[in-house]
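# Reading the structure
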Amino acid sequence: MTTELTAGKKFSALVDIPRCIGCESCSVACKLYNGLDWDEERKQLTALDRAAEPNKGLWPEDWTSIAQYNPEKDGTQTIRFVKSQCFHCDEPACASACFSKAFQKLPEGPVIYDQSLCVGCRYCMLACPFDIIKFEWGKAIPGCRKCQMCAPRVVSGESPACVTACPTGALFYGEEKEVLAEAKRRIIAGGYIDHIFGESEAGGTGWLYISDIPFEEMRFRTDVTTKPLPSYTESYMAATPFIGVGWAAVLAGLYVYNNKGKDHLD
Amino acid sequence: METARKRWTFKMTPWRGVFLLIALLALAIILVRLVLGLGATTNLNDQWPWGFWISFDVLLGVALAGGGYGIALIVYVLRRDKFYPIARSAMLTSLLGYVIVVLGLLIEVGQWFNFYKPFISWGHHSVLFEVFWCISMYTLIQVLEFGEIATEKVFKGAHKFLKLIMPVLLVIGITLPTLHQSSLGGLYYEMIGKLDPLWWSPLLPPFFLVSSFFVGPAMIVIETALAQKATNHEAPVPVLKGLVKISAVAMLIYFLAKIGDLYVAGEIGNAFAGTFASNMFLLELGVGCVVPLLLFFGGLCAKRGGLILYGVCTVAGVVMNRFNVVLTGMSDYLNRGGGGYFPAWTEFAVSAGLVCIAFLVYLFVADNFNITGKHEQEEASFARDGKFITD
């Protein structure tokens, strides 16, 4: 799948919150590129409405959304638009939670989903540290839905559709190292709070955010663990086969010992 | 035909009729779920992907069926022969419990026809992978174990073979539940920061394992009390007393570990915070551990009444624990952006229907097979059939 252009490279994106004007070109580009349906009722929602939704405007057919917050800055009320989509974690909890490998992290960066392997247990939805994954509750044959970071575009060296459509430079895309360096450069240049959301959250994510307003005022999950989530289960799963075999051996020994010279029970 | 009618019986009683009606209602709802999807038959949503079916049918079902592996360990491996009279019925109940769990899971997952995918596409980093493999293998093992009883009556040719491999089945059949009972707790490792610290702990797997072990005898006490009425098979009090003793010791260890764990995590204060979650936590530990421990160590478990009370409290405690992990302990996090979840009546009805199906199958098996393990009865039943087998 990988082309010469992207071989050995890993890509990520930066969302520069103060630069976003809320035009929602990204949402439209996402719909068009991924062939996602429009819902007549949800089409009427404003960015302000979406900020009040439990899911911040992410539905099975809406993989990215813009929500509007009205925080205070220097004593006056201001407007900020925040784009939501899958964070494409470096060590994705969804992929480690999936028992049939329906989720996988591509070396180029995107975390993608394959419905043909999915059983529909929804453990991924609970495991996701940012509650991104949606489920098609209304379908007889439902699957999970989330941003795929336009994986076919990314592996062929193009940027995701949303990034391409952004007219203000609020979305910056490139190789992981360049993107992180750009985020740091912008923070040093001034006007931002000194925190790159996603640099260490959930063990590091492929999508980073910088902002001039504290993240917790815009419904970011700032209390998320910085330890990669898969690490919580890795050692447990690694020990399991040994515990199993050891315990079976102990049981077999006890069985033989305790049954010696006795009539077998039916 | 004459002999066939004699060999299979199922006596219809009013209670069995009620079970049958609820089971039929559940089957109808399951049909709707298959055609219209989970959205039409449950109140689950994107904030609450797991709800009543996962907590009741799966987490609780597996825990309450824990009496099977516990009794197999005590009777067949440790050879405490005095508990043998209840071994067969306890293991049958466990098998039925697992059949319910597997059926419940098939209805619960979105793409049920893909149920076999983890067998061929190994997501072996997932705790759920281990749970899936162990539960499916263990259900198969239990079917074979029951096969040893069933072949006393049907497919008699296989009886000798099953008897021969019984030790292997028993050893694997105790190992697998030990693994998946604890792994059901391990599923919630990944919910760090989401699950209330009153329940989230690095010790979740051992907590789930030990609670499934001590709830086993409690279930057996209740089951035998119920079965006594339905099948006239009375379990002797000393046998139940001995089981409850084992259960109470395990519960004491669990209780002390739970307190110690909270203390180390610095969460003791939160247990008395007066919130809904903390009150549920106190209720769970109070009814489920403190009361049964006082009953036992206060010497009140000498008679059938005390034993039954011990059983009811212990089972209630484990019921609350599993619901608290899946629902209560998660609600602060899952509801923080608005929304919420309360099970739909159809969710209750399907779970009730599955339990009724298990009751009906149990009664059918109890009517038709020798689950008391008494040889006199076995011979009598063969004599009635006019067919003897020589061993």
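Residues numbered from 1 in each chain as written. Chains lettered and ligands numbered in written order. Predicted model: local features only at pLDDT ≥ 70, side-chain atom pairs only at ≥ 80, totals over all residues.

### Here's the deal with the overall build of chain A
Counting its regular elements, chain A contains nine helices and 11 strands. For the C-alpha atoms alone, the extent of chain A along its principal axes is close to 85 × 45 × 45 Å. Residue pairs in contact within chain A that sit at least 24 positions apart in sequence constitute 62% of those at least 6 positions apart. (Helix = DSSP H or I, 4+ residues; strand = E, 2+ residues; numbered from the N terminus. Contact = placed C-beta atoms within 7 Å.)

### Quick look at the overall build of chain B
Along the backbone of chain B there are 16 helices and zero strands. The C-alpha radius of gyration computed for chain B amounts to 22 Å, which stays within 12% of the reference 21 Å derived for 391 residues, consistent with globular compactness. Referenced to the eigenvectors of the C-alpha coordinate spread, the extents of chain B come out at roughly 70 × 55 × 45 Å. Per-residue burial for chain B yields a buried fraction of 48% across its 391 residues. In chain B, once contacts between residues fewer than 6 apart in sequence are set aside, the share between residues at least 24 apart is 80%. (Rg over C-alpha atoms; globule rule 2.2 N^0.38 Å. Buried ≥ 20, exposed ≤ 12 C-beta atoms within 10 Å, placed from the backbone.)

### Re the pairing of strand β11 (residues 207-210) of chain A
Residue and element names in this part refer to chain A. Across the two faces of β11 the burial is the same, with Trp207 and Tyr209 and Leu208 and Ile210 all buried. Of the strand pairs in this sheet, strand β1 (residues 11-16) and β11 are connected by four bridges, and their pairing is parallel. In the strand pairing of β11, Val15 is matched with Tyr209. (Pairing = 2+ DSSP bridges.)

### Comments concerning the interface of chain B and chain A
Counting residues at the interface gives 53 residues for chain B, matched by 50 residues for chain A. Broken down by secondary-structure element, the contributors of at least two residues to the side of chain B that touches chain A are α2 (14-36), α3 (38-41), α5 (67-77), α7 (117-120), α8 (127-150) and α9 (159-186) of chain B. The element contributing the most residues to the side of chain B that touches chain A is α9(B), with nine residues. In terms of residue class, the side of chain B that touches chain A is built from 29 nonpolar, 19 polar and five charged. (Nonpolar A, V, L, I, M, F, W, Y, C, P; charged D, E, K, R; others polar.)

### Examining the nonpolar core
Counting 185 residues, the largest nonpolar core has Cys94(A), Cys124(A), Leu171(A) and Leu128(B) as its most contacted members. Split by domain, this core shows at least three residues from each of two domains, domain 1 (11-218) and domain 2 (230-266) of chain A. Those residues in contact with Cys124(A) that lie beyond four places of it in its chain are Cys94(A), Ala97(A), Cys98(A), Phe103(A), Ile133(A) and Cys144(A). (Core = buried A, V, L, I, M, F, W, Y, C linked by C-beta atoms within 7 Å. Domains from an automatic or database assignment.)

### Focus on the domain arrangement of chain A
Taken as a whole, chain A is organised into domain 1 (11-218) and domain 2 (230-266). Placing a centre on the C-alpha atoms of domain 1 of chain A and another on those of domain 2 of chain A gives a separation of 46 Å.

### Overview of the packing of helix α11 (residues 237-265) of chain B against helix α13 (residues 276-297) of chain B
Residues and elements named next belong to chain B. The N-to-C vectors of α11 and α13 enclose an angle of 130°; their axes lie 10 Å apart at closest approach. Judged by the inter-axis angle, α11 sits oblique to α13. In terms of crossing hand, the pair formed by α11 and α13 is left-handed. Touching Val244, Ala248, Met251, Leu252, Phe255 and Lys258 of α11 are Leu285, Cys289, Pro292, Leu293 and Phe296, all from α13. (Axes fitted to C-alpha atoms, helices over the stretch in contact; angles between N-to-C directions. Parallel < 35°, antiparallel > 145°, perpendicular 65-115°, else oblique. Left-handed = near helix turned anticlockwise from the far one by under 90°.)

### Structural notes on the sheet that holds β1(A)
Think of a sheet as strands paired side by side through backbone hydrogen bonds, with each pair either parallel or antiparallel. Residue and element names in this part refer to chain A. Taken in spatial order, the three strands line up as β10-β1-β11 in an open sheet, and their pairing is mixed. At either margin of the open sheet sits one strand with a lone partner, and together these are β10 (171-175) and β11. With strand direction ignored, the average angle separating the axes of adjacent strands in the sheet is 20°.

### A few points about the environment of Leu34(B)
One can find Leu34(B) in helix α2. Sequence separation between Leu34(B) and Gly110(B) is 76 residues; the distance between their C-alpha atoms is 9.2 Å.

### Section: unusual backbone geometry
Residues and elements named next belong to chain A. Phi is positive for Glu24, which is not a glycine, with a value near 65°. Its place among the elements puts Glu24 in the loop between β1 and α1 (25-34). Given 17 C-beta atoms within a 10 Å radius, Glu24 is considered partly exposed. In the Ramachandran plot, Asp74 falls in the positive-phi region, its phi being about 50° despite a non-glycine side chain. Mapping Asp74 onto the fold places it in the loop between β3 (72-73) and β4 (76-77). Residue Asp74 is classed as exposed on the basis of its C-beta count, with 5 C-beta atoms lying within 10 Å.

### So, the packing of α2(B) against helix α15 (residues 345-368) of chain B
Residues and elements named next belong to chain B. Two elements in contact, α2 and α15, have axes whose closest approach is 7 Å; the angle formed by their N-to-C orientations is 130°. Comparing the axis directions of α2 and α15 gives the class oblique. Crossing of α2 over α15 shows left-handed handedness. Each of Arg16, Phe19, Leu20, Ile22, Ala23, Leu25, Ala26, Leu27, Ile29 and Ile30 in α2 lies in contact with α15, whose residues at this interface are Thr346, Ala349, Val350, Ala352, Gly353, Leu354, Cys356, Ile357, Phe359, Leu360 and Leu363. Along the lines of polarity and charge, the residues of the contact of α2 with α15 split into 18 nonpolar, two polar and one charged.

### Side note on α5(B)
α5(B) sits mainly inside the fold: 11 of its 11 residues count as buried. Within the span of α5(B), buried status applies to Gly67(B), Gly68(B), Tyr69(B), Gly70(B), Ile71(B), Ala72(B), Leu73(B), Ile74(B), Val75(B), Tyr76(B) and Val77(B). Packing partners of the buried residues in α5(B) comprise α9 (231-259) of chain A together with α6 (84-108), α8, α9, α10 (204-231) and α11 of chain B. In the segment just after α5(B), Arg79(B) is the residue with positive phi, at about 55°.

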